[in-house]
Amino acid sequence: MKSGDARVALIGFPSVGKSTFLSLMTSTASEAASYEFTTLTCIPGVIEYKGANIQLLDLPGIIEGAAQGKGRGRQVIAVARTADVVIMMLDATKGEVQRSLLEKELESVGIRLNKHKPNIYFKPKKGGGISFNSTVTLTQCSEKLVQLILHEYKIFNAEVLFREDCSPDEFIDVIVGNRVYMPCLYVYNKIDQISMEEVDRLARKPNSVVISCGMKLNLDYLLEMLWEYLALTCIYTKKRGQRPDFTDAIILRKGASVEHVCHRIHRSLASQFKYALVWGTSTKYSPQRVGLTHTMEHEDVIQIVKK
Ligand SMILES: Nc1nc2c(ncn2[C@@H]2O[C@H](COP(=O)(O)OP(=O)(O)OP(=O)(O)O)[C@@H](O)[C@H]2O)c(=O)[nH]1
Ligand SMILES: [K+]
Ligand SMILES: [Mg+2]
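Cut-offs used in this document
- All chains use their own residue numbering, which begins from 1 and follows the written sequence.
- Here the convention is simple: chains get letters from A, ligands get numbers from 1, in the order in which they are written.
- Per-residue local features of the predicted model are confined to residues with pLDDT of at least 70, and side-chain atom pairs are confined, for both listing and counting, to 80 or more; whole-chain, interface and lining totals are unaffected and use all residues.
- Water and hydrogen atoms play no part in the side-chain values, which are based on all heavy atoms of the structure.
- A run of H or I in DSSP becomes a helix once it reaches four residues, and a run of E becomes a strand once it reaches two; helices and strands are each numbered from the N terminus.
- Buried means the residue's accessible area, taken with a 1.4 Å probe over protein chains only, is under 20% of the maximum for its type, while exposed means over 50%, and partly exposed covers the values in between.
- In this description, contact between two residues means that some pair of their heavy atoms is separated by no more than 4.5 Å.
- Water is not part of the atom set, so a site may look incomplete; the donors themselves are N, O and S atoms within 2.8 Å of the metal, or 3.2 Å for Na, K and Ca.
- Think of a salt bridge as a Lys or Arg side-chain nitrogen and an Asp or Glu carboxyl oxygen that are within 4 Å of each other.
- A pair of aromatic rings is counted whenever rings of Phe, Tyr or Trp (Trp by its six-membered ring) have centres within 6.5 Å, and the orientation is called stacked for planes under 30 degrees apart, edge-to-face for over 60 and tilted otherwise.
- We call a charge positioned above a ring when the Lys NZ or Arg CZ atom is no farther than 6 Å from the ring centre and deviates by at most 35 degrees from the ring normal.
- Whether two strands pair comes down to DSSP finding at least two bridges between them.
- Lines fitted to the C-alpha atoms define the axes, with helices restricted to the stretch that makes contact. Angles between their N-to-C directions range from 0 to 180 degrees.
- An automatic or database domain assignment is the source of the domain bounds shown.
- Here the buried area means the combined drop in accessible surface, using a 1.4 Å probe, for two parts upon being joined, counting both sides.
- Classes in brief: Ala, Val, Leu, Ile, Met, Phe, Trp, Tyr, Cys and Pro nonpolar; Asp, Glu, Lys and Arg charged; the others, Gly included, polar.
- UniProt positions are given in the numbering used here, feature names are shortened, and annotations may be inferred rather than shown by experiment.
- Within this scheme a cavity is a closed region of a 1 Å grid, computed over the protein atoms alone, that accommodates a 1.4 Å probe without allowing it to escape, whereas a pocket is open but has protein on both sides within 12 Å along at least five of seven lines; lining residues each have an atom within 4 Å of a point.
- Grid points are joined across faces, edges and corners, and a volume is the space filled by probe spheres set on the points.

*Asks:* Where do I start with the overall build of the protein chain in this structure?
*Replies:* Check the secondary structure of the protein chain and you find eight helices and 16 strands. Overall size of the protein chain, expressed as C-alpha extent along the three principal axes, is 60 × 60 × 35 Å. Across the 307 residues of the protein chain, 45% fall into the buried class. Long-range contacts, defined here as pairs at least 24 residues apart, represent 63% of the contacts in the protein chain between residues at least 6 apart.

*Asks:* In this structure, what is going on with the coordination of the magnesium ion (ligand 3)? I would like to understand it.
*Replies:* Under ideal tetrahedral coordination, the four donors around a metal are separated by 109.5 degrees; under ideal octahedral coordination, the six donors are separated by 90 or 180 degrees. Every protein donor of the magnesium ion (ligand 3) is accounted for by Ser-19 (OG) and Thr-39 (OG1), and the metal-donor separations fall at 1.9 to 2.1 Å. A spacing of 5.0 Å is found between the magnesium ion (ligand 3) and the potassium ion (ligand 2). Taken together, the residues Ser-19 in helix 1 (residues 18-25) and Thr-39 in the loop between helix 1 and strand 2 (43-49) connect sequence positions 20 residues apart. Exposure remark for Ser-19: the relative accessible area of 7% places this residue in the buried category.

*Asks:* When you look at the pattern of salt bridges in this model, what are you seeing that I'm missing?
*Replies:* If the charged atoms of two oppositely charged side chains come close together, the side chains can form a pair. On inspection of all chains with the given rule, the structure shows twelve salt bridges. A salt bridge links Glu-96 to Lys-205, with the nearest nitrogen and oxygen atoms 3.8 Å apart. One end of the pair, Glu-96, is in the loop between strand 4 (85-91) and helix 3 (97-108); the other, Lys-205, is in the loop between helix 6 (196-203) and strand 11 (208-210), with 109 residues separating them in the sequence. Classification of Glu-96 as partly exposed rests on a relative accessible area of 28%. The exposure class assigned to Lys-205 is partly exposed, which follows from its relative accessible area of 23%. Across the pair Glu-159 and Lys-125 runs a salt bridge, and its minimum N-O distance is 2.4 Å. Pair noted here: Glu-159 is in strand 8 (residues 158-162) and Lys-125 is in the loop between strand 6 (120-124) and strand 7 (130-134), with a separation of 34 residues, a long-range link. Judged by relative accessible area, Glu-159 falls into the partly exposed class, the value being 29%. Classification of Lys-125 by relative accessible area gives partly exposed; the value is 37%. Connected through shared salt-bridge partners, Glu-107, Arg-112, Asp-173 and Arg-179 make up one network.

*Asks:* What's the story with the coordination of the potassium ion (ligand 2) in this structure? I'm lost.
*Replies:* Only Ser-15 (OG), Ala-33 (O), Tyr-35 (O) and Thr-38 (OG1) from the protein reach the potassium ion (ligand 2) as donors, at distances of 2.7 to 2.8 Å. Motif for the potassium ion (ligand 2), donor spacing along one chain: S-x17-A-x1-Y-x2-T.

*Asks:* What's the story with the packing of aromatic side chains in this structure? I'm lost.
*Replies:* Ring pairs (aromatic) are described by centroid distance and by the angle formed between their planes. Scanning all chains against the criterion turns up five aromatic pairs. The rings of Phe-122, Phe-132, Phe-162 and Phe-171 are connected pair by pair, giving a single aromatic cluster. The ring centre of Tyr-186 lies 3.6 Å from the NZ or CZ of Arg-99, which sits over that ring. The ring of Tyr-275 carries the charged tip of Arg-289 above its face, separated from the ring centre by 3.7 Å.

*Asks:* Just to check I follow, could you spell out the sheet that holds strand 15 (residues 288-290) for this structure?
*Replies:* Strand pairing within a sheet occurs via backbone hydrogen bonds; the two strands may be parallel or antiparallel. Taken in spatial order, the five strands of this open sheet run 13-12-16-14-15, and their pairing is mixed. The sheet is open, and its two edges are formed by strand 13 (250-252) and strand 15, each paired on a single side. Taking each pair of neighbouring strands and ignoring which way they run, the sheet shows an average axis angle of 35°. The sheet contact formed by strand 14 (residues 273-279) and strand 16 (residues 301-306) spans six bridges and is antiparallel. From the neighbouring strand, Leu-277 faces strand 16, where its bridge partner is Gln-303.

*Asks:* Can you help me understand the domain arrangement of the protein chain in this one?
*Replies:* By a frequent convention, interface size equals the accessible area lost on bringing the separate parts together. Domain boundaries in the protein chain define domain 1 (6-115 + 180-230), domain 2 (120-176) and domain 3 (232-306). A straight line from the C-alpha centre of domain 1 to that of domain 3 covers 34 Å. Area buried by domain 1 at its contact with domain 3 is led by Ala-6, Trp-227 and Leu-230, which between them contribute 61% of it. Where domain 1 meets domain 3, there are one salt bridge. Ionic pairing is found between Asp-84 and Arg-253, a salt bridge with its closest N-O pair at 2.9 Å. Residues belonging to the side of domain 1 that touches domain 3 are distributed by class as follows: four nonpolar, one polar and three charged.

*Asks:* Just checking my understanding: could you explain the UniProt feature "domain: OBG-type G" (unreviewed entry) in the protein chain for this structure?
*Replies:* UniProt's feature table lists "domain: OBG-type G" (unreviewed entry) at residues 6-231, given in the numbering used throughout. End C-alpha atoms of residues 6-231 are separated by 10 Å, and the span's content is 30% helix alongside 26% strand.

*Asks:* Looking at this structure, how should I read the layout of surface pockets?
*Replies:* A probe matching the size of a water molecule, rolled over the atoms, marks out where space remains unfilled. Counted as a void, the largest pocket has a volume near 370 Å³. In terms of lining, the largest pocket is formed by 19 residues, of which the most central are Thr-237, Lys-238, Lys-239, Ile-250 and Ile-265. Broken down by element, the residue count for the lining of the largest pocket peaks at three residues, all from strand 16. Among the residues making up the lining of the largest pocket, the classes are represented as eight nonpolar, four polar and seven charged. The computed volume of the second largest pocket comes to approximately 310 Å³. Around the second largest pocket, the lining comprises 25 residues; the ones closest to its centre are Ser-15, Val-16, Gly-17, Thr-20 and Ala-33. The biggest single contributor to the lining of the second largest pocket is helix 1, with three residues. Split by residue class, the lining of the second largest pocket holds eight nonpolar, twelve polar and five charged.

This is the structure in structure tokens:
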């Protein structure tokens, strides 16, 4: 069950230390042992950080062929799809091969790691052929290639507008749809077993953190990075005539509306809602009078006025 303010899935080969990590970071104990496939189901725990409850999911180890259903691979990947951030846990004593194998597995089921949705407008039409336009210079795709790809997918009428210099694969992602774009932190565990030079090399890789669960090394830094990758929105409330309460933030996912804030304060608040005053980056003026559909931004202050 989905609970808390955000969900993080632990993905990795067997015995990289996923369960050890869950037991360290949460009050849940997940069995850890030196043999592979110790964990056979999904074990949820909760990390409390900066007032947020972050659900951490310990999952069975996955191996090459997981996407095709090897082991519990398919179920594990299905759970990963529902996460806000994936932690790909890697054994620092093993080579890079685990990382690229897992990336391929996730890629093959439409999970895109640390990539944003391609900025391409695509709309299938009933008739009129293919209309192709771009607002930028394209170095990887051409009108001809786009036509070919569309025909390959049996699409003969559509409007296409590239707003970004995308690759053919990115264009295919847009046509196929159903892709998930997800932040991923590569966490190299067991650095107590490798040389300082090797630790240094791994730590410099993009989107990567080095840790040792065994020696409790660098776990605070990992939490800081995780918090950044989750990019949660903290909203402060304010009562009329009083200063905002900066001690107790309401924590929401990115893109949350005033209505989401209401629901978080009280179940019936949205139905009694008249308007809200918002101070912060989501408004042009501070304060600005807004309705229920207004999208909140990180560190906005809100005062809700009831009917
Ligand atoms: N040296 C060292 N060993 C570790 C570290 N973290 C975990 N281990 C050991 O690695 C082994 C596997 O740990 P687990 O937590 O069971 O690994 P897992 O990824 O959950 O494994 P599966 O559930 O089988 O997929 C255990 O013997 C742990 O004690 C670490 O930082 N350093
Ligand atoms: K294990
Ligand atoms: Mg485990």
